[in-house]
Amino acid sequence: MNTELLLMETAAGPVCGTIRPPGSKSMTNRAVLLAALARGTSELTGLLDSDDTRLMRDALVRLGVVIDGELSEGTLRVVGCGGPFPARSSELFCGNSGTTLRFLVAALAFSGGRHRLYGVPRMHQRPVGDLVESLQQLGVEIECETPGGCPPVLIVSSGVGQSLQAKEIPVRSEASSQFLSALLMAAPMARAPLTFRVAGPLVSRPYIEMTLRMMSRFGFEVGRPGVDVFTVAPGGYGATRMEIEPDASAASYFLAAAAITGGSVTVGGIGRESLQGDVEFCRLLEQMGCHVQLHSDRICVQGSPEGGRLRGIECDMSRCSDTAQTLAVVALFADGATTIRGIAHNRVKETDRIGNLATELRRLGATVEELDDGLRIVPGPLRAATVNTWDDHRMAMSLALVGLVVDGVRIRNPECVGKTFPDYFQVLDQLVKTGCADSAGDQGD
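Residues numbered from 1 in each chain as written. Predicted model: local features only at pLDDT ≥ 70, side-chain atom pairs only at ≥ 80, totals over all residues. Heavy atoms only, no water.

Enquirer: Would you explain the overall build of the protein chain in this entry?
Expert: Looking only at helices and strands, the protein chain features 12 helices and 23 strands. Expected size for 445 residues packed as a compact globule is a radius of gyration near 22 Å; at 22 Å, the protein chain falls within 12% of this value. Overall size of the protein chain, expressed as C-alpha extent along the three principal axes, is 65 × 45 × 40 Å. The contacts of the protein chain with a sequence gap of at least 6 include a subset with a gap of at least 24, amounting to 73%. Surface accessibility of the protein chain: about 16,200 Å² in total, with carbon and sulfur atoms responsible for 45%. Both charge centroids of the protein chain, one from 42 positive and one from 50 negative side chains, sit 3 Å from each other. (Helix = DSSP H or I, 4+ residues; strand = E, 2+ residues; numbered from the N terminus. Rg over C-alpha atoms; globule rule 2.2 N^0.38 Å. Contact = heavy atoms within 4.5 Å. Areas by Shrake-Rupley, 256 points an atom, 1.4 Å probe, with all protein chains shown as cover. Lys, Arg positive; Asp, Glu negative; His and termini not counted. Charge placed at Lys NZ, Arg CZ, Asp CG, Glu CD.)

Shown next, in the form of structure tokens:
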């Protein structure tokens, strides 16, 4: 692969086949952290091997957690600390991994010690101030070193709860649900009961449900006495065995490939019982005219069945915002405009996933209006272009799909997909070359 520029090869016909994406990044980083905090040894399988998950694994090892196995093999054996981490001082590089930095900020504040967490320049532009403010209300000495409440983050803590009485903490999570997830996962280390109350909007709500269900898998139940109110009593986690689901966000690219080429793709390992909110993406494809079958263990999408056309839709993607770029690409192939709302927080992700996405969609021939919380996309004649990825894995993976249909689409810096899906282009190429003639199709539940 050209490490600077990748010319996409158009598909010879409809994209068809069956695929199982790599493990979920969100589940992997939660599972490894929870296993590190638990009593006993946990066996984790199906893990994602990527930049983000390696950053989490390496940071935990630096904190004194014993981890055996290789992410490249999808399996880790984690010897939990049963509470606070052994290391009382650390400098932790978190790259551009929001889950790594934000989850560890809370865990280290509750664990105690002197710790500094930092990352790449873009990470130092991504907000963490709301999480820091919640921890300050718990008596933690913690500060952001970059104006605007951004990393690096310096923590000086003796743990949470020595003199703390039961307390209610407001948590602002309109920039990221990771702030609330981070507090919930760390809170069992406190020495007093805590209540977290969501203050204002809560984005990406399904990720909170994922967090709660994974905490339960490790033996800890969070109370829910009211809407967006969470109570955590002192306690801890127990070791477990857990298999990580395939990544639903990654699945969206292959389902979208079926949608825009009139093909048929089945994604195995995830279905209607998934812990991941991004499964909702397939329902949006259904609204656009695809035929969707959502089974217990797989998702099947047929694009533009019986020669039909995709149609533009209006949708709120606040529950599945990591797939907004994928839907925006599908919108290029629809009749009529598509309006995506509910994703204002996407501006502070790995890149500005509203403004920069609009730039690249226009480069490909669309008319795009930026909204306060999303985009309005009007398809136009598509054309060859070299698109920028803005060092964002999701920009690269979604925009590359246009090249399956349009000649001359080039992807700049394709290797940025290493953040969550290092072999994405090879997997996509293999699926494209399968061809519908070789696909057996779906045979029901």
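Enquirer: What exactly am I supposed to notice about helix α12 (residues 424-432) here?
Expert: Since there are 3.6 residues in each turn of an α-helix, residues three or four apart along the chain are aligned in direction. The set of residues buried in α12 consists of Y424, F425, V427, L428, L431 and V432. Projected onto a plane normal to the axis of α12, the buried residues spread over an arc of 160 degrees and lie on a single side. On the buried face of α12, the contacting elements are β1 (5-7), β2 (16-19), α7 (248-261), β15 (264-268), α11 (393-399) and β23 (409-412). (Buried < 20%, exposed > 50% of the residue type's maximum accessible area, 1.4 Å probe, protein only. Arc of directions from axis to C-beta.)

Enquirer: Help me understand the packing of helix α3 (residues 98-111) against helix α5 (residues 178-186), please; the structure alone is not making it clear to me.
Expert: Geometry of a packed helix pair, given as the angle between the helix axes and the separation of the axes. It is at 8 Å that the axes of α3 and α5 come closest, and there the two elements cross at 40 degrees. With respect to α5, the axis of α3 lies oblique. The chirality of how α3 crosses α5 is right-handed. Residues G98, T99, R102, F103, A106, A107 and F110 of α3 form the contact with α5, whose participating residues are Q178, F179, S181, A182, L183, M185 and A186. Taken together, the residues of the contact of α3 with α5 break down into nine nonpolar, four polar and one charged. (Axes fitted to C-alpha atoms, helices over the stretch in contact; angles between N-to-C directions. Parallel < 35°, antiparallel > 145°, perpendicular 65-115°, else oblique. Left-handed = near helix turned anticlockwise from the far one by under 90°. Nonpolar A, V, L, I, M, F, W, Y, C, P; charged D, E, K, R; others polar.)

Enquirer: What am I meant to see in the pattern of salt bridges here?
Expert: Applying the stated rule across the entire model yields 27 salt bridges. Note that R298 is salt-bridged to D297, the shortest N-O span being 2.9 Å. Residue D297 is classed as partly exposed on the basis of its relative accessible area, which comes to 40%. Notably, a salt bridge pairs R309 with D335, separated by 2.8 Å at the nearest N-O pair. With R309 in the loop between β17 (298-302) and β18 (314-316) and D335 in the loop between α9 (324-331) and β19 (338-341), this residue pair connects regions lying 26 residues apart in the sequence. When its relative accessible area of 53% is taken as the criterion, R309 is described as exposed. (Salt bridge = Lys/Arg side-chain N within 4 Å of Asp/Glu carboxyl O.)

Enquirer: Even after reading the chapter, I still don't get the side chain of S252, so can you show me in this structure?
Expert: For S252, the position within the fold is in helix α7. A distance of 2.7 Å separates a polar side-chain atom of S252 from the backbone oxygen of S249. Sequence-distant contacts of S252, defined by excluding residues within four places in its chain, comprise F281, T323 and T326. (Polar contact = N/O pair within 3.5 Å; in protein donor to acceptor, adjacent residues only side chain to side chain.)

Enquirer: Even after reading the chapter, I still don't get the packing of aromatic side chains, so can you show me in this structure?
Expert: Centre-to-centre distance and the angle between the planes together describe a pair of aromatic rings. In this structure the tally under the stated criterion is seven aromatic pairs. Where F254 meets Y424, the ring centres are 5.9 Å apart and the plane angle is 50 degrees; that geometry is what we call tilted. Placement of the pair is F254 in helix α7 and Y424 in helix α12, with a sequence separation of 170 residues. A relative accessible area of 0% means that F254 is categorised as buried. On the numbers, 5.5 Å between centres and 70 degrees between planes, the contact of F421 with Y424 is edge-to-face. Each member of the pair F421 and Y424 is classed as buried. Counting every residue linked through ring pairs, the aromatic cluster contains Y253, F254, F421, Y424 and F425. (Phe/Tyr/Trp six-rings, centres within 6.5 Å; stacked < 30°, edge-to-face > 60°.)

Enquirer: Sorry if this is basic, but what is going on with the pairing of strand β20 (residues 367-371) here?
Expert: Where a strand is regular, its side chains alternate between the two sheet faces. By the bridge criterion, five bridges tie β20 to strand β21 (residues 374-378) in an arrangement that is antiparallel. Bridge pairing in β21 links E369 to R376. Two successive antiparallel strands, β20 and β21, enclose a turn made up of two residues. (Pairing = 2+ DSSP bridges.)

On their own, these measurements won't tell you what the molecule is for.
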